[in-house]
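So you can see what is in the structure, the chains are spelled out below.
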Amino acid sequence: MAALTDILHPISVARRVMEKTPHVMLVGEGAQQFAVQQGFERQKLLTPEAEKAWRDWLKTENYAPQINAERRGRPGDKDNHDTIGMLAIDESGQMAGACTTSGMAWKMHGRVGDSPIIGAGLYVDNDVGAATASGVGEEMIRNAASFLVVELMRQGHSPAEACQEAIQRVVRKRPEASRTLQVCFLAMNRSGEIGAYALHRGFVYAICDSKKQDALLDSPSVYTSTQV
Ligand code: ASP
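Calculation rules
- Residues numbered from 1 in each chain as written.
- Predicted model: local features only at pLDDT ≥ 70, side-chain atom pairs only at ≥ 80, totals over all residues.
- Heavy atoms only, no water.
- Near = heavy atom within 4 Å.
- Polar contact = N/O pair within 3.5 Å; in protein donor to acceptor, adjacent residues only side chain to side chain.
- Areas by Shrake-Rupley, 256 points an atom, 1.4 Å probe, with all protein chains shown as cover.
- Helix = DSSP H or I, 4+ residues; strand = E, 2+ residues; numbered from the N terminus.
- Contact = heavy atoms within 4.5 Å.
- Pairing = 2+ DSSP bridges.
- Axes fitted to C-alpha atoms, helices over the stretch in contact; angles between N-to-C directions.
- Buried < 20%, exposed > 50% of the residue type's maximum accessible area, 1.4 Å probe, protein only.

Around the ligand sit His81, Asp82, Thr83, Gly103, Met104, Arg111, Gly113, Asp114, Ser115, Ser134, Gly135 and Gly137, and those are all the residues in its vicinity. At 2.8 Å from an oxygen atom of the ligand is found a side-chain nitrogen or oxygen belonging to Thr83. One of the side-chain N or O atoms of Asp114 is found 2.7 Å from a nitrogen atom in the ligand. For the ligand, the protein covers 100% of the area, taking 270 Å² as the surface of the free molecule.

The following block contains the structure:
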């Protein structure tokens, strides 16, 4: 589901596409038409605050993704992204995943990020495990990154190792760019083991399980300095 406007919860529409149509992705006007047919309400979602932020941005028109900037200890920088990726496994071993975002702030009209693309922002294979991503989506698309993490787990890597190797792949392919942009992976295998890795510090993830563990954890990262 991409470029869907005026619907509050695109992730619920995406689930309907999966469950009720022969397709895997609808975009733009067709996606909205389908959502309305399915009973979702069209709403104006632009808030006065968001409109003001956009008008302020028009003064510079500078596209500069800021991901985990505040947690990276860069107080002058405000985060301008919002992806949430979720991975789940039930007691019978059935896995599920979801990834939702409104993408990078100030992106070009028509830009699609990694989050809706199977294998980029999310990949789930019940035989092996699941992975999801956050960060500058172009890097995930270039590397089929969530698919890569799952395939690395298939080859025997733990979720943490698979995430780390996928991050190293991003660094090897684009060493210069990787110093400034953020990329983060979260993975879980069929045994319920969890791992995460990021390019830069600041990526956090939460674990919730039947033992009532409810923890917010810092992901390890390649770069730990606040300067990059
Ligand atoms: N991955 C998202 C995108 O590129 C941004 C984010 O992680 O917040 O659209």
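Residue position: Ala166 is located in helix H6 (residues 159-173). Taking the C-alpha atoms as reference, Ala166 lies 18 Å from Val204; in sequence the two are 38 residues apart. Beyond its immediate sequence surroundings of up to four residues, Ala166 is in contact with Leu148, Val149, Leu152 and Phe185.

Taking strand neighbours across the sheet as the criterion, the five strands line up as E3-E4-E5-E6-E9 in an open arrangement whose pairing is mixed. Taken across any chain shown, the strands that pair with only one partner, and hence form the sheet edges, are strand E3 (122-125) and strand E9 (221-223). Each neighbouring strand pair of the sheet contributes to a mean axis angle of 10°, computed without reference to strand direction. One ladder, built from two bridges, connects strand E6 (residues 194-200) with E9; its direction is parallel. What sits directly across from Ala198, in E9, is Ser221. Its contacts with the sheet put helix H5 (residues 145-154) on E3, strand E4 (129-135) and strand E5 (183-189), and the angle it makes with E4 is roughly 145°. Strands in contact with H6 are E5, E6 and E9; relative to E6, the strand with the most contacts, it is inclined by about 20°.

So, about the pairing of E5. In terms of burial, E5 is largely enclosed, as seven of its seven residues are buried. Alternating positions in E5 separate into two faces, Val183, Phe185, Ala187 and Asn189 on one and Cys184, Leu186 and Met188 on the other, with burial throughout. Both E5 and E6 contribute to a ladder of five bridges, which runs antiparallel. Bridge pairing in E6 places Phe185 opposite Tyr197. Hairpin connection of E5 to E6: four residues between the antiparallel strands, including Gly192 at a positive phi of 85°.

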